[in-house]
Amino acid sequence: MAKIIVVTSGKGGVGKTTTSAAIGTGLAQRGHKTIIIDFDVGLRNLDLIMGCERRVVYDFVNVLNGEASLTQAMIKDKRIDKLFVLPASQTRDKDALTQEGVQTVLNELKENFDFIICDSPAGIEKGAQMALYYADEAIVVTNPEVSSVRDSDRILGILQSKSLRAETGAEPVKEHLLLTRYNPVRVDAGEMLSVSDVEDILAIPLLGVIPESEAVLKASNQGVPVILDEQALAGQAYNDAVERLLGNEVEYRFLEVEKKGFLKRLLGGK
Amino acid sequence: MGIFNYFRKDEPVKTATTARDRLQVIVAHERSQRRQPDYLPKMQQEILEVIKKYINIEQDQISVQVDDTDDCSVLELNITLPE
């Protein structure tokens, strides 16, 4: 039986799709059959980040409307075995997502997958509510910045009141904080909220801290999930987050300012 | 610029601290509102109507709030009477 994980944030542009792609890929790399679903109807982007934009034939809404089967719409990743993407439609309006429709699709997927990652759209409208409604766990992506933290708290409120688990009084959705675009140098200078500041305010367990990294843009330019860039700190930090998601204890890295060694300074290494 | 200013090292403003403090206040406020029952705004309106029969007050002079503690909920009613 699959675990449904929503990647959400409230605010846009904080790294939901980057995170969905990275975490989904990381889970599949470790042998778990995983599908990442783009819930952003009308603004499809997961396909670009995953590098499968030219292979989209049918989409999520086609499946919901019975115009295509799930097998027709799912795109199998060419790099990682056991990894699939279900793209959002680019044209239709958000009303295409109905609770019953989404439930039917998720139930069918549950039979065949270990993990279903729901990449939520920004905002708190229907699309975002649909993405989180059936979730077992939630990864709340947050930047160390006031508006992002406030919106994350708002989305936590929705998870705690408007998810299926909240409505039926089942065990609450398991919440994880993922702090992205973290810059230890600026935190040290007192210019950026620290991990503990954000943890204190949101009061949910930390899953990972992704350092601000040039590799993220490079990866999205190429349509390669950043977790596959093993040289990049962001890729390594996502790998740590995936391990923690699977219940393994991993020490936090990249939270402190890196001290340049004598040789590195001499050679002008970055 | 005097010579003393030269020696005085300006303490840089830690804007992150300001951000944290502002967030703590607004998030706490929004959480308390979120937990309030749906009937509260309507009840507040009706209480206002009753009081208006006797005293001339405005909407913003009355506040209704529910505070939950571990074993009980307290309904707090605050009315500012005009001078």
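Just so it is clear, the model here is predicted, and its values are computed rather than measured.

1. Considerations on the sheet that holds strand β1 (residues 3-8) of chain A
Residues and elements named next belong to chain A.
For step 1, the next point in the chain: One open sheet holds the eight strands; their spatial order is β3-β4-β2-β5-β1-β6-β7-β8, and the pairing between them is mixed. Looking at strand neighbours, the two that pair on one side only are β3 (75-76) and β8 (206-211), the edges of this open sheet.
For step 2, the next point in the chain: Together, β1, β6 (137-142) and β7 (174-182) form the strand contacts of helix α7 (residues 146-162), whose direction differs from that of β6 by roughly 165°.

2. Observations regarding the nonpolar core
Residues and elements named next belong to chain A.
For step 1, the next point in the chain: Judged by nonpolar contacts, the single largest core of 55 residues is most densely connected at I35, I37, F39, F60, V102, L109 and I116.
For step 2, the next point in the chain: At five residues, α7 tops the list of elements feeding residues into this core.
For step 3, the next point in the chain: Counting residues in each nonpolar core, the second largest holds 37 residues, with I49, V56, A219 and V242 among its members.

3. Quick notes on the pattern of salt bridges
For step 1, the next point in the chain: The final tally for this structure, using the stated rule, is 14 salt bridges over all chains.
For step 2, the next point in the chain: Across the pair R165 of chain A and D136 of chain A runs a salt bridge whose closest N-O atoms are separated by 2.9 Å. Taken together, the residues span a long stretch of sequence, with R165 of chain A in helix α8 (residues 164-167) and D136 of chain A in the loop between α6 (126-133) and β6 at a distance of 29 residues.
For step 3, the next point in the chain: Here D136 of chain A falls in the buried class, since its relative accessible area comes to 17%.
For step 4, the next point in the chain: Note that E30 of chain B and R150 of chain A form a salt bridge whose closest N and O atoms lie 2.8 Å from each other. In this pair, E30 of chain B is assigned in helix α2 (residues 15-34) and R150 of chain A in helix α7, connecting two distinct chains.
For step 5, the next point in the chain: By relative accessible area, which is 35% here, R150 of chain A ends up partly exposed.

4. Looking at the interface of chain A and chain B
For step 1, the next point in the chain: If you look at the interface, chain A gives 15 residues, while chain B gives twelve residues.
For step 2, the next point in the chain: For the pairing of chain A and chain B, the buried interface totals around 1,300 Å² over both sides, and the portion due to carbon and sulfur atoms is 56%.
For step 3, the next point in the chain: It is R150, D153 and I201 of chain A in chain A that bury the most area against chain B; as a group they hold 42% of the surface buried on that side.
For step 4, the next point in the chain: On inspection of chain A and its partner chain B, the count reaches four salt bridges.
For step 5, the next point in the chain: The closest approach of N and O atoms between D153 of chain A and R34 of chain B, which form a salt bridge, is 2.7 Å.

Calculation notes
Residues numbered from 1 in each chain as written. Chains lettered and ligands numbered in written order. Predicted model: local features only at pLDDT ≥ 70, side-chain atom pairs only at ≥ 80, totals over all residues. Heavy atoms only, no water. Pairing = 2+ DSSP bridges. Helix = DSSP H or I, 4+ residues; strand = E, 2+ residues; numbered from the N terminus. Contact = heavy atoms within 4.5 Å. Axes fitted to C-alpha atoms, helices over the stretch in contact; angles between N-to-C directions. Core = buried A, V, L, I, M, F, W, Y, C linked by side-chain atoms within 4.5 Å. Buried < 20%, exposed > 50% of the residue type's maximum accessible area, 1.4 Å probe, protein only. Salt bridge = Lys/Arg side-chain N within 4 Å of Asp/Glu carboxyl O. Buried area = accessible area lost by both parts, 1.4 Å probe.

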